[in-house]
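# Understanding the architecture of this molecule
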Amino acid sequence: MPLSESGLAADCPVRHAWRVRQTGEIQHLRSALTDAGVAGAGDFGRFVNDTSRFGPSAFDARAAMPVLVRMLPSLADPHAVEAVAGHLAAAWSGPAVPALITAFRRWAAQYPLGTGWQLGNAIAAAAGNSHAAEMLALAVDARFGAARQMIVYSLWRFRRQPGICAALPSLCHDPDVALHAMSALRRAVGNEQALPTLLHIAGSHADPRVRKHAAQAARRAQKALQAHA
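Residues numbered from 1 in each chain as written. Predicted model: local features only at pLDDT ≥ 70, side-chain atom pairs only at ≥ 80, totals over all residues. Heavy atoms only, no water.

### Considering the confidence of the model for the protein chain
Averaged over every residue, the pLDDT of the protein chain is 90; the share at 70 or more is 87%. Of the regions scoring below 50 in pLDDT, residues 1–7 engages in 24 contacts with residues more than four places distant in sequence or in other chains. Predicted confidence is poor over residues 9–18, with pLDDT under 50, and the contacts of this stretch with residues over four places away or in other chains come to 27 contacts. (pLDDT = per-residue confidence, 0-100. Contact = heavy atoms within 4.5 Å.)

Below you can see the structure in the form of structure tokens.
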């Protein structure tokens, strides 16, 4: 999703009740899920974040994971891929990460702010330490553009893995992922160590958006340091 001034994922398209566009592949997935006995298969592709106005989805995404992972490589409809990614964006879906990474490599360059972003978000939510090297490889591959945003942000969780902290300062210069990289850098190395990098970018980067994000991140780092002084 596009960079946000107020939050890293504030532009996520999930608002109240959202159902992906109905397509043949969506219906095919629902049929396969029904055949597999997955509860709430009819709610596949429906996402709810306001249960005070809309009833919660009955879809059992955890039980559906084997079916979704099996079918993901064959999907040709980006709406269906987005729906699968949305349901697998959870910490329990670690076994789905290899399939999600394969799909990301297939879709992210073509649809960086839609299908690619949703796949990247799912990877970021599900990945564990064993996936750190692949996460880093995706994060530094500029071909995938803004689809990498949540992958880059999640790198701070793998800060003890080889190469992660070394890569974050360079990613802070990348306009597609700068905001997310700056937040990850502060979390990974701490505000004091991150501050010189942020101040340098705020004063010298060619892209005014990146300078603005760096200045904001530097102010947050300075405020945090003053609060703990």
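### Looking at the packing of aromatic side chains
Scanning all chains against the criterion turns up three aromatic pairs. For the ring pair Phe44 and Phe59, a centre distance of 5.7 Å and an interplane angle of 70° mean the geometry is edge-to-face. Placement of Phe44 in the loop between α1 (24–35) and β2 (46–48) and of Phe59 in the loop between β2 and α2 (61–71) is noted, with a sequence separation of 15 residues between them. Like Phe59, Phe44 is buried. With a centroid separation of 5.1 Å and an interplanar angle of 65°, the aromatic rings of Phe104 and Phe144 are classed as edge-to-face. In this pair, Phe104 sits in helix α4 (residues 97–107) while Phe144 sits in the loop between α6 (132–139) and α7 (149–154), placing the two residues 40 residues apart along the sequence. Assessed through its relative accessible area of 0%, Phe104 is described here as buried. (Phe/Tyr/Trp six-rings, centres within 6.5 Å; stacked < 30°, edge-to-face > 60°. Helix = DSSP H or I, 4+ residues; strand = E, 2+ residues; numbered from the N terminus. Buried < 20%, exposed > 50% of the residue type's maximum accessible area, 1.4 Å probe, protein only.)

### Thoughts on the packing of α2 against helix α3 (residues 78–88)
A pair of packed helices is characterised by two quantities: the angle between their axes and the separation of those axes. Packing of α2 against α3 brings their axes to within 10 Å, and their N-to-C directions diverge by 140°. As summarised for this structure, α2 and α3 are arranged oblique, according to the angle between their axes. Here α2 runs over α3; the crossing is left-handed. On α3, the residues that touch Ala61, Met65, Leu68 and Val69 of α2 are Val84, His87 and Leu88. (Axes fitted to C-alpha atoms, helices over the stretch in contact; angles between N-to-C directions. Parallel < 35°, antiparallel > 145°, perpendicular 65-115°, else oblique. Left-handed = near helix turned anticlockwise from the far one by under 90°.)

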